[in-house]
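Chains, contacts and geometry: an overview
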Amino acid sequence: MIAAVHGEGIPLFLVHGFGVDHRILLPLERSVGSERWQRIYIDLPWAERVTDTGERTPRQLADTVLDEVVRTVGDGPFAILGNSFGALLARHVSHALPEQCLGVATLAGVLQPDHARRTLPAREVVVHDPEVLDRAGQWRGAFEEMTVLQTPTMLRDFEEYVLPGLRGCDQHVLDRLSASYTDAYSPETEAASAFPAPALHLFGRQDQVVGYEDGLAFQHHYPHGTFVVLDGAGHNLHLEQPEVVGALVRDWLHRAENF
């Protein structure tokens, strides 16, 4: 399940979203590579070259990730970041180990697993470039669906960091987990108390996949949480707004390190 380890220091687990693999989060290395954290990238069971461990529900998969974290850190400290569906898993781990977890962060996180109940903005493309879309070739649909800044830079990052995961994913595993996706629980609603450590929750204002309003409703649960809605950003907000996302992630890590 551990796909890559970069650097040394306090373990920082990074968990990707549905249908992609850990490579979608590698651009964060540009921002946090100099920080005193060991970045541990997780690949979930549908990722290329990962053994299918047979989980049938998001809750079971969250417990598998929790077990991996415990095997890696024992009773030591750590922080965790989750992107999209990975945000659910990261929040599960952080709430299961609140005395060890120095902080939790989510990027375009799934905080409302039931698609039918999500509050979503209208589809809006901030930068539209037909020439860039043409260059996307056979993967134009996937690029266009998720991207609100249709720029050459975004296409380059999509091809380098997103497309490999899309190509290599095991659709059978995705289908199995999708059958119970909307039954995924909310760690916040089951928690006995608010999450005490530093938190960061970033949303794209143009994210028509998970939105942002459902996530803002959890502000009371994170008394040391930063909640930010970024304009000019969709579901791949860390690719579309790398500088501001990088600065906010670094700020979160500094707060977590001193927690």
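Below is a short write-up of the structure. (Residues numbered from 1 in each chain as written. Predicted model: local features only at pLDDT ≥ 70, side-chain atom pairs only at ≥ 80, totals over all residues. Heavy atoms only, no water.)

**Quick look at the sheet that holds strand β3 (residues 37–42)**
Across the sheet, which stays open at both edges, the seven strands sit in the order β1-β3-β2-β4-β5-β6-β7 with mixed pairing between neighbours. Whereas interior strands pair on both sides, the edge strands pair on one side only; in this sheet they are β1 (2–6) and β7 (225–230). Looking at each pair of strands side by side, their axes are set apart by 15° on average, direction ignored. In this sheet, β7 lies alongside strand β6 (residues 199–204) in parallel orientation, the contact comprising six bridges. Bridge pairing in β7 places Leu-200 opposite Thr-226. On top of the sheet, helix α11 (residues 242–257) reaches β2 (10–15), β3, β4 (78–83), β5 (101–107), β6 and β7; it is set at about 165° to β6, its chief contact. (Pairing = 2+ DSSP bridges. Helix = DSSP H or I, 4+ residues; strand = E, 2+ residues; numbered from the N terminus. Axes fitted to C-alpha atoms, helices over the stretch in contact; angles between N-to-C directions. Contact = heavy atoms within 4.5 Å.)

**What about the pattern of salt bridges?**
Pairs can form between side chains of opposite charge once their charged atoms are near each other. Counting across every chain of the model gives 14 salt bridges. Between Arg-23 and Glu-48 there is a salt bridge, with its nearest N and O atoms 3.6 Å apart. A residue pair is termed long-range when its members are at least 10 positions apart, and Arg-23 in the loop between β2 and α1 (29–32) and Glu-48 in the loop between β3 and α2 (58–73) qualify at 25 residues. Note that Arg-36 and Glu-257 form a salt bridge whose closest N and O atoms lie 2.8 Å from each other. Highlighted residues: Arg-36 in the loop between α1 and β3 and Glu-257 in helix α11, separated in sequence by 221 residues. (Salt bridge = Lys/Arg side-chain N within 4 Å of Asp/Glu carboxyl O.)

**Some thoughts on unusual backbone geometry**
A positive phi angle, near 55°, is found at Ser-84, a position not held by glycine. Tracing the chain through its elements places Ser-84 in the loop between β4 and α3 (85–96). Positive phi is not limited to glycine here, since Ala-108 has a value of about 50°. The residue Ala-108 is located in the loop between β5 and α4 (130–135) in this model. The buried category is assigned to Ala-108, whose relative accessible area is 1%. (Buried < 20%, exposed > 50% of the residue type's maximum accessible area, 1.4 Å probe, protein only.)

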